[in-house]
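What follows is the residue order along each chain.
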Amino acid sequence: MKSIPSSRGAAFLLIAALFSGCSLIGTSEEQSASDGGSTPEQVVLVTHESFSLPKPLVRQFETESGLDLEIRSSGDAGALTTKLAVTRDDPTGDLAFGVDNTFASRALEEGVFDTLDVDLPAGSGDYLLPGDDGERLAPVDNAHVCVNVDTTWFEERDLAPPESLDDLTDPAYEGLFVTPSALSSSPGLAFLLSTVAAYGEDWPSYWEDLLANDALVVDGWTDAYYGDFTQGGEGGDRPIVLSYDSSPAFTVAKGSQESATQALLDTCYRQVEYAGVLEGAANPEGAREVVEFLLSEDVQAELPDSMYVFPVRDGVALPDDWARYAEQPEDPYALDPAQVAAERDGWLAEWRDLVTG
Amino acid sequence: MLSPSLGRLLGLAALAALPVLALTAFFVLPVAAMLSEGLADGVGAGGALEVLGRDRTHDVVLFTLVTAAAGTLLSVVLGLPAAHVLHRTRLPLRTPVRAALLVPFVLPTVVVGVAFRQLLREGGPLGFLGLDGTPAAIVLGLVFFNVAVVIRVVGSAWESLDPRSAQAAATLGASPATVFRTVTLPALLPAVVSAATVVFLFCATAFGIVLTLGGSRYATVETEIYLLTVTLFDLQGAAALSLLQLVVVGVLLLAARRARAVAPSARAHARPRRPTRADTLPVATTLLLLLYVAVPVAALVTGSLRVDGRWSLGNYAALTTTGDRQTLLVPVTEALINSLRTAVDATWMAVGVGLLVALVVTRRSRSATERRVRGALDGFFMLPLGVSAVTLGFGFLIALDQPPLDLRDSRLLVPVAQALVALPLVVRTLVPVLASIDDRQRQAAASLGAGPLRTLATVDVPVLWRPLLAGAGFAFAASLGEFGATSFLARDDAPTMPVVIFRLLGQPGQMNYGMALAASVVLAATTALVMLLVERLRVPSLGTF
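Once a new chain begins, its residue numbering starts again from 1 and follows that chain's sequence as written. By the order in which they are written, chains take letters starting at A while ligands take numbers starting at 1. Under the rules for a predicted model, residues below a pLDDT of 70 receive no local features and side-chain atom pairs below 80 are neither given nor counted, while totals for whole chains, interfaces and linings still include all residues. Side-chain numbers come from the whole structure's heavy atoms, not from hydrogens or water.

Undergrad: In this structure, what is going on with the overall build of chain B? I would like to understand it.
TA: Here a strand is any run of E in DSSP of at least two residues, a helix any run of H or I of at least four, and the numbering for each starts at the N terminus. From N to C terminus, chain B includes 23 helices and 2 strands. Scaling as 2.2 N^0.38, a compact globule of 545 residues should have a C-alpha radius of gyration of about 24 Å, and chain B matches this with 24 Å. Expressed along its principal axes, the backbone C-alpha trace of chain B runs to roughly 70 × 60 × 45 Å. Summary of the burial criterion: residues with accessible area below 20% of their type's maximum are buried, those above 50% are exposed, and those between are partly exposed, where the area comes from a 1.4 Å probe applied to protein chains only. For chain B, with 545 residues in total, the buried portion stands at 60%. Taking as baseline every contact in chain B between residues at least 6 positions apart, the subset at least 24 positions apart corresponds to 81%. Accessible area of chain B: about 20,800 Å², with a carbon and sulfur share of 69%. All radius of gyration figures rest on C-alpha atoms, and the globule criterion is 2.2 Å times the number of residues raised to 0.38. Only heavy atoms enter the contact rule, under which two residues are in contact if any of them lie within 4.5 Å. Using the Shrake-Rupley algorithm and a 1.4 Å probe, accessible areas are obtained, with residue cover drawn only from the displayed protein chains.

As structure tokens, then:
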């Protein structure tokens, strides 16, 4: 029998230490349960993975309301909607935030949301979901999916950047545009909807021209922006990308006064995200307080920095970068949610056939 | 008094009870719940049949089978020589190389996808191959992620293969090729089939890599289930496809079980030997494989060291922060701790249950019924690999909401889900070795007066130790890299590394992108380090070295 060489002994100790101290078991499920004997009433917010608010703001809300706000975020807006639909008989929380105008009709059809009974702030009237009109869903934020261009790239080549959806099929811009897939990406789907809104029944022929002009369809926003866009990561070679109206605020180099990119405001499709109280919620009153919190001036002012979206409330100041570089379209494309709900599957099937060719 | 065969069946049932209960609660019930949700959605079985009759469904199934088969074949062809070189010869640096080859297993698919595409696209270093957005690119991606499975599973079986039969054949004048074909390969076949089965299931249920490298032009059963569930809300179609997936996987597992049934061979740990001229081809293949794995990883490392077009460690320094404009709720460093803790839990669960399963399915059967029961159990525990993470993830939310399994909000849900994925890896690493132990050794021990536990300790454990370590390391890595089910279940206050990386990649801003790359490198390095440590562990008294 051999003795253990010391390096092995050390390795053994290291692993043992790792395994003994490092487990989730023993970590308490609730950290705030036992101060002063009275447990605060819990309210659970179900949302998607992009949700984020600064911790101090959440803590302030908890102190003022006496509620313990638990946030559970996972998946994208589509996954969130499916989650709400399949758990409608026993919801995983008290309220939901993040169902957008593309998916909202599905959630309403499934009877996921209870009536709202919350006073909506001035300004949110423009963003109500048609057909619901604020009865069950409160608009919380909005953003636009727009074609973005690398202005530096175009300046260097003395070429005028495109301005409209039509321009993207111009041979001058052949092989320059990249967009995420409508099947696997929510901005990709919004772009398909904007072409439907722009061209009506002729949208498939627009897409034929677009693809003939060597537009590239990739999996998701991340691939398009960081993989292919010239201002994304390093090594991208396409100067036109589908992104958001707020994206130019993030491409301002240190010390520069100008953004290296620009959103084309005539190509935008509006996305509005809603919050609502869940049917069968354990704490509907608490849920309503959280909806009011999301619409409060404090949270609305925090939305750009935390979630990259614009507030719906009137009179909320935008951060400097946003005020200067993130311009919003005056008259974006929009479709009736009922029409989207009825025809989305057909559009996607047809789009898929066009792209797979 | 019980008849001996009834007694044996009861013993079997007692050993199998815990694993079966666990799999029923955390796999069968959730999947059944999601399937019935889908089937109740429409007009029942008729509608599901309609989905299966669509042309599109046929294309998707065919594409899945073809790419998965190609990915599996290439993984085996490249992995076998590497398993030999890295587990049987004393090649310099073989331990670090072994650890390095496991790194792709934990890398986030989005990050690797972007790295692959930068190599393959027009104008990229490998653009002349014209592979960007083709099925061939998808297959290459699948091999990148899965070749480690072949190396690990086959390598650990190869390590404990008695070299004397091969030496005898060589002494009798057989050429190295003949020795391999007639002596070594037959003894390794169970392990090869085991590895190939796991790789096939991983390939057939791959998600991110198919979408990223295929440019979303190609659909597999897995991507189609996601699309139907999340974008199109066609739960009925998704349920039909999930059922089809289950049936196909079941048939495959049965076929694999037949192919694995091989006579026992002698087991003894062989000292690694010096590489000889006969090893040229395997060594060359291993180097090629290393290059294949290293190039995308190098691209990743390079990218992580660039800030504003200059070389910098800024991305790494930023890992202790919550990112550009607080993209994250917790710093990346905290997510790393969460990942490690989760992986520890997933590992003990997978190893504990996996060991029981392996013991149950490899005991020699005395009757046809017993053999069938053991065979069915063996297949049963592989099923989680063959089922869509989407179906399982949503199923968890529906099924685990009642006491005693009210776990929807529990911190243990994530490790449980990850253990389900890791379990088949553990089982498949252990079973080929356990199955090849000659039962006469156990009988000899018993006839010398050893009780069942002592027999286990003196006959099984000495050869089981290495594969058990390999399996544990494997489970740990699988847990560190798991994203599909985790993304459904992870809690915001305790996100894992892949979840955090995904979030960083989902927002504009150079710093977020750089941090995502740096975080991927840290995850990869952590995995490699843990693998190195695990490989250094030995039980001295058992004399395995």
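On we go from here.
Undergrad: Would you mind going over the overall build of chain A with me for this structure?
TA: In terms of helices and strands, chain A carries 12 helices and 10 strands. Carbon and sulfur atoms make up 46% of the accessible area of chain A, which amounts to about 14,500 Å² in all.

Undergrad: What am I meant to see in the pattern of salt bridges here?
TA: A side chain of one charge can pair with a side chain of the opposite charge if their charged atoms are brought near each other. Salt-bridge detection follows one rule: a side-chain nitrogen of Lys or Arg within 4 Å of a carboxyl oxygen of Asp or Glu. Here the structure, examined in full by the defined rule, presents 14 salt bridges over all chains. Salt-bridge contacts for R88(A) lead to E37(B); the nearest nitrogen and oxygen are separated by 3.3 Å. Taken as a pair, R88(A) in the loop between α3 (77-86) and β3 (95-100) and E37(B) in helix α1 (residues 4-41) lie in two separate chains rather than in one. Here E110(A) makes a salt bridge to R106(A), at a shortest N to O gap of 3.3 Å. Residue R106(A) is classed as buried on the basis of its relative accessible area, which comes to 10%.

Undergrad: Explanation requested: the packing of helix α3 (residues 55-88) of chain B against helix α6 (residues 135-159) of chain B in the structure shown.
TA: A pair of packed helices is captured by two measures, namely the crossing angle of their axes and the spacing between those axes. Residues and elements named next belong to chain B. Axis definition: a line fit to C-alpha positions, over the contact stretch in the case of helices; interaxial angles, taken between N-to-C directions, run 0 to 180 degrees. Viewed as axis vectors pointing N to C, α3 and α6 meet at an angle of 40°, and their least axial separation amounts to 6 Å. Compared by their axis directions, α3 and α6 come out oblique. In this structure, α3 meets α6 at a crossing whose hand is right-handed. Broken down by class, the residue content of the contact of α3 with α6 amounts to 20 nonpolar, 9 polar and 2 charged. To sort the angles, those under 35 degrees are grouped as roughly parallel, those over 145 as roughly antiparallel, those from 65 to 115 as roughly perpendicular, and the leftovers as oblique. Left-handed describes a crossing in which the near helix is turned anticlockwise from the far one by less than a right angle; the clockwise case is right-handed. All amino acids are sorted into three groups, where Ala, Val, Leu, Ile, Met, Phe, Trp, Tyr, Cys and Pro are nonpolar, Asp, Glu, Lys and Arg are charged, and the leftover types, Gly among them, are polar.

Undergrad: How should I be thinking about a nonpolar patch on the surface in this particular structure?
TA: Exposure above 30% relative accessible area and no salt bridge define the residues that can form patches, which grow by joining like charges within 9 Å and nonpolar side chains of Val, Leu, Ile, Met, Phe, Trp and Tyr within 5 Å. Taken together, L6(B), L9(B) and L10(B) make up a surface patch of nonpolar side chains, about 240 Å² in accessible area. As for its placement among the helices and strands, L6(B) is situated in helix α1.

Undergrad: I would appreciate a short explanation of the environment of G111(A) in the present structure.
TA: For G111(A), the location among the structural elements is in the loop between α4 (104-109) and β4 (138-150). G111(A) sits 59 residues away from S52(A) along the chain, and the two C-alpha atoms are 26 Å apart.

Undergrad: How do you make sense of the packing of helix α8 (residues 221-228) of chain A against helix α5 (residues 109-120) of chain B when you look at a structure like this?
TA: The N-to-C vectors of α8(A) and α5(B) enclose an angle of 45°; their axes lie 10 Å apart at closest approach. By the angle between their axes, α8(A) is oblique relative to α5(B). Between α8(A) and α5(B) lies a crossing whose hand is right-handed. In this structure, α8(A) contributes T222(A), D223(A), Y226(A), G227(A) and D228(A) to the contact, and α5(B) contributes V110(B), V114(B), R117(B) and Q118(B). Its residues assigned to classes, the contact of α8(A) with α5(B) shows 3 nonpolar, 3 polar and 3 charged.

Undergrad: Honestly, the domain arrangement of chain A in this entry has me stumped. Any pointers?
TA: How big an interface is tends to be reported as the loss of accessible area on association of its parts. Residues and elements named next belong to chain A. Structurally, chain A comprises domain 1 (8-143 + 271-325) and domain 2 (145-269 + 330-356). Throughout the structure description, domain borders are defined by an automatic or database domain assignment. Averaged C-alpha coordinates put domain 1 and domain 2 at centres separated by 29 Å. In this assembly, 15 residues from domain 1 lie in contact with 22 residues from domain 2. Across the contact surface, domain 1 and domain 2 share 0 salt bridges. Under the rule applied, a polar contact is a pair of N or O atoms within 3.5 Å (in protein, one hydrogen donor and one hydrogen acceptor; residues adjacent in sequence only if both atoms are side-chain atoms). If you look at where domain 1 meets domain 2, you find 4 residue pairs in polar contact (both at pLDDT 80 or more). Of all the secondary-structure elements, those providing two or more residues to the side of domain 1 that touches domain 2 are α4 and α11 (320-325). No other element matches the 4 residues that α11 contributes to the side of domain 1 that touches domain 2. Looking at the side of domain 1 that touches domain 2 residue by residue, the classes come out as 8 nonpolar, 4 polar and 3 charged.

Undergrad: How do you make sense of the nonpolar core when you look at a structure like this?
TA: The nonpolar side chains of a soluble globular protein tend to be buried with one another. Throughout this description, the term nonpolar core refers to a set of buried Ala, Val, Leu, Ile, Met, Phe, Trp, Tyr and Cys residues connected via side-chain atoms within 4.5 Å. F105(B), F144(B), V149(B), V154(B), V332(B), F394(B) and F396(B) are the most contacted members of the largest nonpolar core, which totals 174 residues. With residues near it in sequence (within four places) discarded, V154(B) still touches L80(B), A83(B), L188(B), A191(B), V192(B) and A195(B). With 63 residues, the next largest nonpolar core counts V149(A), Y173(A), L278(A) and W347(A) among its residues.

Undergrad: Can you help me understand helix α12 (residues 337-356) of chain A in this one?
TA: Note: α-helices contain 3.6 residues per turn, so residues at a spacing of three or four share the same orientation. Residues and elements named next belong to chain A. Each helix should span, by expectation, one fewer than its residue count multiplied by 1.5 Å. Compared with an ideal rise of 1.5 Å per residue, which puts 20 residues at 28 Å, α12 spans 27 Å between its outermost C-alpha atoms and is within 8% of the ideal. Of all the bends found along α12, the most pronounced is centred on E343 and spans about 55°. Where α12 is concerned, the buried positions are P337, V340, R344, W347, L348, W351, R352 and V355. The reported bend at a residue is simply the angle between two axes, fitted to the 7 residues ending at it and to the 7 residues beginning with it.

Undergrad: Could you clarify how one ought to interpret the packing of aromatic side chains in this entry?
TA: Any two aromatic rings considered together are summarised by their centre-to-centre distance and by the angle between their planes. When two rings of Phe, Tyr or Trp (its six-membered ring) have centres within 6.5 Å they constitute a pair, described as stacked for plane angles under 30 degrees, edge-to-face for angles over 60, and tilted for the intermediate range. With the rule as written, the count across this model stands at 25 aromatic pairs over all chains. With centroids separated by 6.1 Å and ring planes inclined at 75°, the aromatic side chains of F154(A) and Y173(A) adopt a geometry described as edge-to-face. Residue F154(A) is located in helix α5 (residues 151-156), and its partner Y173(A) is located in the loop between α5 and β5 (177-180); the two are separated by 19 residues in the primary sequence. Between W207(A) and W351(A), the aromatic rings sit 5.6 Å apart at their centres with planes inclined by 90°, giving edge-to-face as the arrangement. Within this pair, whereas W207(A) is found in helix α7 (residues 203-212), its partner W351(A) is found in helix α12, the two being separated by 144 residues in sequence. Exposure class is identical for W207(A) and W351(A). Each is buried. One aromatic cluster is present, formed by W221(A), Y225(A), Y226(A), F229(A) and Y513(B) through successive ring pairs.

Undergrad: Just to check I follow, could you spell out the state of the cysteines for this structure?
TA: Two cysteines whose sulfur atoms are joined by a covalent bond form what is called a disulfide. All names here are of chain A. The term disulfide is used for any two cysteine sulfur atoms that are within 2.5 Å. Within this structure, the stated rule accounts for 1 disulfide over all chains. What pairs with C146 in a disulfide is C268, and their sulfur atoms sit 2.1 Å apart. Taking the sign of the S-S torsion, about 115° here, the bridge from C146 to C268 comes out right-handed. Linking C146 in strand β4 with C268 in the loop between β8 (261-263) and β9 (269-277), this pair joins segments that are 122 residues apart in sequence.

Undergrad: Would you take a moment to explain the pairing of strand β2 (residues 67-73) of chain A for this structure?
TA: Both faces of the sheet carry side chains from a regular strand, because those side chains alternate between them. Residues and elements named next belong to chain A. In terms of burial, β2 is a largely internal element, 7 of the 7 residues being buried. Side-chain alternation along β2 places L67, L69, I71 and S73 on one buried face and D68, E70 and R72 on a second face that is also buried. At least two DSSP bridges between two strands are needed for those strands to be called paired. Relative to β2, strand β1 (residues 41-47) is paired through 7 bridges, and the arrangement is parallel. Within β2, the residue paired with V44 across the bridge is E70. The handedness of the β1 to β2 crossover, carried by helix α2 (residues 55-65), is right-handed. With strands facing away from the observer, any crossover in which the path from the first strand over the helix to the second runs clockwise is taken as right-handed.

Undergrad: Quick question: what am I supposed to make of the side chain of R352(A) here?
TA: Positionally, R352(A) belongs in helix α12. Ignoring any residue separated from it by four or fewer positions in sequence, one finds R352(A) in contact with L183(A), R56(B), E224(B) and L227(B).

Undergrad: Help me understand unusual backbone geometry, please; the structure alone is not making it clear to me.
TA: Backbone geometry follows two general trends: most residues other than glycine have a negative phi, and most peptide bonds adopt the trans configuration. The phi angle at D133(A) is positive, at roughly 55°, despite the residue not being glycine. Structurally, the position occupied by D133(A) is in the loop between α4 and β4. For L93(B), which is not glycine, the phi torsion reads 65° and is therefore positive. With relative accessibility at 63%, the residue L93(B) sits in the exposed group.

Undergrad: What exactly am I supposed to notice about the environment of A206(B) here?
TA: All names here are of chain B. The residue A206 is located in the loop between α8 (176-204) and α9 (208-213) in this model. For A206, a relative accessible area of 12% translates into the label buried. Along the chain, A206 and F145 lie 61 residues apart, while their C-alpha atoms are 9.9 Å from each other.

Undergrad: So what exactly am I meant to see when it comes to a negative patch on the surface here?
TA: All names here are of chain A. Together, E163, D266, E327, E330 and D331 give the surface a local cluster of negative charge. Inspection of the secondary structure assignment puts D331 in the loop between α11 and α12. Judged by its relative accessible area of 68%, D331 falls in the exposed class. In this tally, Asp and Glu contribute negative charge and Lys and Arg positive charge; neither His nor the terminal groups of the chain are included. Every charge is mapped onto a representative atom, which is NZ of Lys, CZ of Arg, CG of Asp or CD of Glu.

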